[in-house]
Amino acid sequence: MRTTSRLSDRARELDSADPLAGMREKFLGHDDAGVPAYLDGNSLGRPLAATLDRLNEFVRNQWGGRLIRGWDEGWLALPRQIGDELGLQVLGAAPGQCIVADSTTVLLYKLARAAVAAGGDRTEIVLDRDNFPTDRYVMEGIAAECGLTLRWVGADYDGGVRPESVAAAVGPQTSLVVLSHVAYRSGFIADVPAITELVHRTGGRVLWDLCHSAGSVPAELDAWNVDYAAGCSYKYLNGGPGAPAWAYVAARHQNDFNQPIRGWLGAGDPFGMGRDFVPAPGIQRVVSGTPPILGMLAMQDMIALISEAGMDAVREKSVQLTSFAVQAFDEVLAPLGAVLASPRDPSQRGSHITVDHPAFKDVTARLWEQGIIPDYRNPNGIRLGLSPLSTSFAETWTGIEAMAADLRAGS
Ligand SMILES: *Cc1c(COP(=O)(O)O)cnc(C)c1O
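No experiment lies behind these values; they were computed from the predicted model shown.

Draft legend 1. Representation of the nonpolar core in the model. Ranked by size, the top nonpolar core spans 52 residues in total, and within it Leu 91, Trp 208, Trp 246 and Leu 389 carry the most contacts. When residues of this core are assigned to their parent elements, the largest contribution, 6 residues, is made by helix 9 (residues 299-309). Structurally, this core is a two-domain feature, drawing no fewer than three residues from each of domain 1 (2-48 + 310-410) and domain 2 (74-306).

Right under this line is the structure:
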């Protein structure tokens, strides 16, 4: 029990030394006694209190007051405007390259389909076995549709895809490589600039999925010379359930972006109602149909909060949170037979860690009943998603202590 009180003291010290501690109070539900630990911000971020006001104001005054006039008065520009702000504050992308639209799945399809079309007669898409299911399924579909071959890259269960493995898989036949910046299971951070560069040397392009990094791990899409990227907004960007995703297309690839889902709002003159599809200039051509305006309101509050904190400070807090979680794992979970399935080196780790134990499926169900909410991932991993601005060290400890207590009670 001495370990327990020492870790609880340590969590309290870290919270009182945390320069971003005050930000947690800006999230709705942070003081909900029924949820002593929310450790799933990497699946669905908490709402900000500011979002409640924003949604209320929008429905009352903009939708209710401006009616159809709203489209001309700003709604149509919102996907690009939020995209630019996201690019500036979070993604390291200059204006005109990011746009909010669709879901990640649909954007992955559109970007990859356009990329392989631009790849001419190159025949292969390279991807990893551990990538998120939607990424794999979409690429399998595109391979079938376009007669391409998938070349699979392996990854360690507690790590991810390394430049050497990608180098061994790419060549003159490679059209596109599709990988995640942060692995959804292990939390491993891929070396985006090194991998992007080695793929470019073979003449291929890379599509990066940033679902598990955007808003928690800094990105430098322009400086890293990334071709295409996409990510969701409901994880570390707190956009809410079903909030639309975002896409990045580097300026140099926008002219050869051949939109596979041609719709009127990706056309240059949508209200000309013309006979033929003529794509809009720039990033607008990634759009297909009417943008989901209601769904993209909330993420603006989180982007503003991240900008107030600064991405570097967000990352620093994230590293401290996962480092504390690993320390607590070593002291109370490892002795009970749990295994860390995430990198130990914080520079290789995003904002979540995964811990494996054969009993975790049942443990998770019991924890949820107590309002202690981590994430369960097959085959037997508990994922602790530590959203930097809304998660405290004390809350992290509460969750890990409850996992240990449950394992002890069951053994
Ligand atoms: C969460 C996640 C997705 C989700 O895709 P949606 O279309 O937004 O449901 C895709 N890829 C990765 C890596 C994810 O973590």
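Following the structure, the description resumes.
Draft legend 2. Broad picture of the pattern of salt bridges. Summed over all chains, the structure comprises 19 salt bridges. Arg 12 is the salt-bridge partner of Asp 9, the closest N and O atoms lying 2.8 Å from each other. Taken as a pair, Asp 9 and Arg 12 lie in helix 1 (residues 2-17) at a separation of 3 residues, close to a single helical turn. One salt bridge in this structure joins Arg 205 and Asp 256, with 2.9 Å as the shortest N-O distance. In this pair, Arg 205 sits in strand 6 (residues 205-209) while Asp 256 sits in the loop between strand 8 (245-249) and helix 9, placing the two residues 51 residues apart along the sequence. Here the residues in one salt-bridge network are Arg 24, Arg 46 and Glu 395, joined through shared partners.

Draft legend 3. Quick peek at the packing of aromatic side chains. In total, this model carries 5 aromatic pairs according to the counting rule given. Taken together, a centroid distance of 5.1 Å and an interplanar angle of 80° make the contact between Phe 132 and Tyr 184 edge-to-face. With Phe 132 in the loop between strand 3 (124-128) and helix 6 (133-146) and Tyr 184 in the loop between strand 5 (174-180) and helix 8 (192-201), this residue pair connects regions lying 52 residues apart in the sequence. Classification of Phe 132 by relative accessible area gives partly exposed; the value is 28%. An angle of 75° between the planes, with centres 6.1 Å apart, marks the rings of Phe 324 and Phe 393 as edge-to-face. Remark: Phe 393 occurs in helix 12 (residues 393-410) and Phe 324 occurs in helix 10 (residues 311-333); sequence separation between them is 69 residues. Phe 324 sits in the buried class, given a relative accessible area of 1%. Judged by relative accessible area, which is 2%, Phe 393 ranks as buried. The structure contains a cluster of three or more aromatic residues connected by ring pairs, namely Phe 58, Trp 71 and Trp 75. Directly above the ring of Trp 152 sits Arg 129, whose terminal nitrogen or CZ lies 4.1 Å from the centroid. One residue, Lys 235, lies across the ring of Phe 132, its end atom 5.2 Å from the ring centre.

Draft legend 4. Local environment of a nonpolar patch on the surface. On the surface, Val 59, Trp 63, Leu 67, Ile 68 and Leu 294 cluster together into a nonpolar patch covering about 520 Å² of accessible area. Turning to its location among the elements, Val 59 is positioned in helix 2 (residues 49-66). Of the residues examined, Val 59 reaches a relative accessible area of 41% and is grouped as partly exposed.

Draft legend 5. Representation of the site of the ligand in the model. The local shell around the ligand consists of Ser 103, Thr 104, Thr 105, Phe 132, Thr 134, Asp 135, Ser 180, Asp 209, Cys 211, His 212, Tyr 234 and Lys 235. Between the ligand and Thr 104, the relevant distance is 2.9 Å, taken from an oxygen atom to a side-chain nitrogen or oxygen of the residue. Taking 390 Å² as the accessible area of the ligand by itself, protein coverage stands at 88%. Taken together, the elements giving at least two residues each to the shell around the ligand come down to helix 5 (104-118) and helix 6. Per-class residue counts for the shell around the ligand are 3 nonpolar, 6 polar and 3 charged.

Draft legend 6. Looking closely at the pairing of strand 6. Within strand 6, 5 of the 5 residues are buried, leaving the element largely enclosed by the surrounding structure. Here strand 6 shows no split at all, with Arg 205, Leu 207 and Asp 209 on one side and Val 206 and Trp 208 on the other all buried. Assessed by its sense of winding, the connection that carries the chain from strand 5 through helix 8 to strand 6 is right-handed. Bridge count for strand 6 against strand 7 (residues 228-231) is 3 bridges, and the pairing is parallel. Along strand 7, the bridge assignment pairs Trp 208 with Ala 229.

Draft legend 7. Local environment of the domain arrangement of the protein chain. Domain boundaries in the protein chain define domain 1 (2-48 + 310-410) and domain 2 (74-306). Placing the centre of domain 1 and that of domain 2 at their C-alpha centroids yields a distance of 29 Å. Taken together, the contacts link 37 residues of domain 1 with 28 residues of domain 2. A buried area of about 2,500 Å², summed over both sides, lies between domain 1 and domain 2, and 59% of it is on carbon and sulfur atoms. On the domain 1 side of the contact with domain 2, Met 311, Gln 348 and His 352 bury the most area, a combined 22% of that side's loss. Across the domain 1-domain 2 interface, the total number found is 0 salt bridges. Scanning the region where domain 1 abuts domain 2 turns up 16 residue pairs in polar contact (both at pLDDT 80 or more). In terms of residue count, the dominant contributor to the side of domain 1 that touches domain 2 is helix 10 (5 residues).

Calculation notes
Residues numbered from 1 in each chain as written. Predicted model: local features only at pLDDT ≥ 70, side-chain atom pairs only at ≥ 80, totals over all residues. Heavy atoms only, no water. Core = buried A, V, L, I, M, F, W, Y, C linked by side-chain atoms within 4.5 Å. Buried < 20%, exposed > 50% of the residue type's maximum accessible area, 1.4 Å probe, protein only. Helix = DSSP H or I, 4+ residues; strand = E, 2+ residues; numbered from the N terminus. Domains from an automatic or database assignment. Salt bridge = Lys/Arg side-chain N within 4 Å of Asp/Glu carboxyl O. Phe/Tyr/Trp six-rings, centres within 6.5 Å; stacked < 30°, edge-to-face > 60°. Lys NZ or Arg CZ within 6 Å of the ring centre and 35° of its normal. Patch = residues over 30% accessible without salt bridge, like charges linked within 9 Å, V, L, I, M, F, W, Y side chains within 5 Å. Areas by Shrake-Rupley, 256 points an atom, 1.4 Å probe, with all protein chains shown as cover. Near = heavy atom within 4 Å. Polar contact = N/O pair within 3.5 Å; in protein donor to acceptor, adjacent residues only side chain to side chain. Nonpolar A, V, L, I, M, F, W, Y, C, P; charged D, E, K, R; others polar. Right-handed = clockwise from strand over helix to strand, strands pointing away. Pairing = 2+ DSSP bridges. Contact = heavy atoms within 4.5 Å. Buried area = accessible area lost by both parts, 1.4 Å probe.

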